[in-house]
Amino acid sequence: MNADREAASVQVEPPALGRSGGVAPEPGLDEARALELLRRAGVGRVVYTVGALPAVLPVRFRLDPLGGVLLSTVPGSELARAVDGAVIAFEADEVDGADGTGWCVTVLGRAEVRRPSPEPGARAEIRIAPELVVGRHLAPDAA
């Protein structure tokens with residue numbers, strides 16, 4: 001593939017879809033509103049890599065006061081090993097199945113695995129420090 005064609009295929013943000021293509025995102029939400037919506041969700045998806053391949057895992061989460069995403073896991077888990085110190089993504093959304101309206105929020109940042117106390121059954125905590133927070137409303141399909 002030549003460099004011009006390769007560069008043209010790279011997109012930072014997916015294009016809005018037209019009438020026949022489905023739901024088009026409306027203009028973005030500010031960070032405060034995006035984090036407010038994210039606090040309402042109980043489950044999201046962490047996106048990371050394993051052996052240079054993408055992995056997506058649904059997880060329960062909560063936010064800390066600074067907007068960091070907190071996940072709980074078993075110490076030494078594949079997730080904990082894969083994300084410690086890596087830049088990863090986290091996404092949560094709420095979408096109406098009938099009309100496709102809703103919202104989605106993505107947090108990008110470096111993950112830090114915090115080791116648990118030595119107590120039996122203690123869990124490790126993963127914190128994703130928010131470096132970029134992107135929120136979008138999803139508008140109804142115009143078709």
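Residues numbered from 1 in each chain as written. Predicted model: local features only at pLDDT ≥ 70, side-chain atom pairs only at ≥ 80, totals over all residues. Heavy atoms only, no water.

Q: Explain unusual backbone geometry to me, please; I cannot follow it from the model alone.
A: For residues besides glycine, phi is generally negative; the peptide bonds are generally trans as well. In this structure, A52 takes a positive phi of about 70 degrees despite not being glycine. Relative to the helices and strands, A52 is located in the loop between strand 2 (43–50) and strand 3 (53–60). Judged by its relative accessible area of 74%, A52 is exposed. (Helix = DSSP H or I, 4+ residues; strand = E, 2+ residues; numbered from the N terminus. Buried < 20%, exposed > 50% of the residue type's maximum accessible area, 1.4 Å probe, protein only.)

Q: Even after reading the chapter, I still don't get the confidence of the model for the protein, so can you show me in this structure?
A: Should pLDDT be low for a region, the predicted coordinates there are not to be read in detail. Confidence in the prediction for the protein averages 82 pLDDT; 80% of positions are at 70 or higher. Contacts for the low-pLDDT stretch residues 1–26, under 50 throughout, to residues beyond four places or in other chains number 23 contacts. (pLDDT = per-residue confidence, 0-100. Contact = heavy atoms within 4.5 Å.)

Q: Would you take a moment to explain the packing of aromatic side chains for this structure?
A: To describe a pair of aromatic rings, one takes the distance between the centres and the angle between the planes. If you walk through the whole model with that rule in mind, you get 1 aromatic pair. With centroids separated by 4.7 Å and ring planes inclined at 65 degrees, the aromatic side chains of F61 and F90 adopt a geometry described as edge-to-face. With F61 in the loop between strand 3 and strand 4 (62–63) and F90 in strand 6 (residues 87–95), this residue pair connects regions lying 29 residues apart in the sequence. Each member of the pair F61 and F90 is classed as buried. (Phe/Tyr/Trp six-rings, centres within 6.5 Å; stacked < 30°, edge-to-face > 60°.)

Q: How should the nonpolar core be read in this particular structure?
A: As a rule of thumb, soluble globular proteins bury nonpolar side chains together. Ranked by internal contacts, the top residues of the largest apolar core, which has 29 residues, are L38, V46, F61, L71 and F90. Those elements giving two or more residues to this core turn out to be helix 2 (31–40), strand 2, strand 3, strand 5 (69–73), helix 3 (78–83), strand 6, strand 7 (102–114) and strand 8 (124–138). Top element by residues in this core is strand 7. It accounts for 5 residues. With near-sequence residues (within four places) excluded, L71 lies in contact with V46, V59, R60, F61, F90, A124, E125, I126 and I128. (Core = buried A, V, L, I, M, F, W, Y, C linked by side-chain atoms within 4.5 Å.)

Q: Whenever I open this one, helix 2 confuses me. Can you help?
A: Since the α-helix packs 3.6 residues into each turn, any two residues three or four apart lie on the same face. Of the positions making up helix 2, those classed as buried are A34, L35, L37 and L38. Seen from one end, helix 2 has its buried residues packed into an arc of 160 degrees, which puts them on one side. Opposite its buried face, helix 2 presents the exposed residues A32 and R40, each directed more than 90 degrees away. (Arc of directions from axis to C-beta.)

Q: I tried to follow the side chain of E91 on my own but got confused; where do I start?
A: Within the element layout of this structure, E91 appears in strand 6. On the basis of relative accessibility, which here comes to 17%, the residue E91 falls in the buried class. At 2.5 Å, the side chain of E91 and the side chain of R45 are in polar contact. Among all residues touching E91, those that are not within four sequence positions of it are G44, R45, C104, V105 and T106. (Polar contact = N/O pair within 3.5 Å; in protein donor to acceptor, adjacent residues only side chain to side chain.)

Q: Which parts of the structure should I look at to understand a nonpolar patch on the surface?
A: Residues L108, L132 and V134 make up a contiguous nonpolar surface patch of roughly 220 Å² in combined accessible area. Mapping L132 onto the fold places it in strand 8. (Patch = residues over 30% accessible without salt bridge, like charges linked within 9 Å, V, L, I, M, F, W, Y side chains within 5 Å. Areas by Shrake-Rupley, 256 points an atom, 1.4 Å probe, with all protein chains shown as cover. Salt bridge = Lys/Arg side-chain N within 4 Å of Asp/Glu carboxyl O.)

Q: Would you explain the pairing of strand 7 in this entry?
A: Each regular strand displays side chains that alternate between the two surfaces of the sheet. Bridging between strand 6 and strand 7 involves 9 bridges; their strand directions are antiparallel. Of the residues in strand 7, the one forming a bridge with A89 is L108. With antiparallel pairing between neighbouring strands as the criterion, strand 6 and strand 7 make up a hairpin whose turn holds 6 residues, including G100 at a positive phi of roughly 80 degrees. Direction of pairing for strand 7 relative to strand 8: antiparallel, over a ladder of 13 bridges. Counted as the bridge partner of A111 is I128 from strand 8. (Pairing = 2+ DSSP bridges.)

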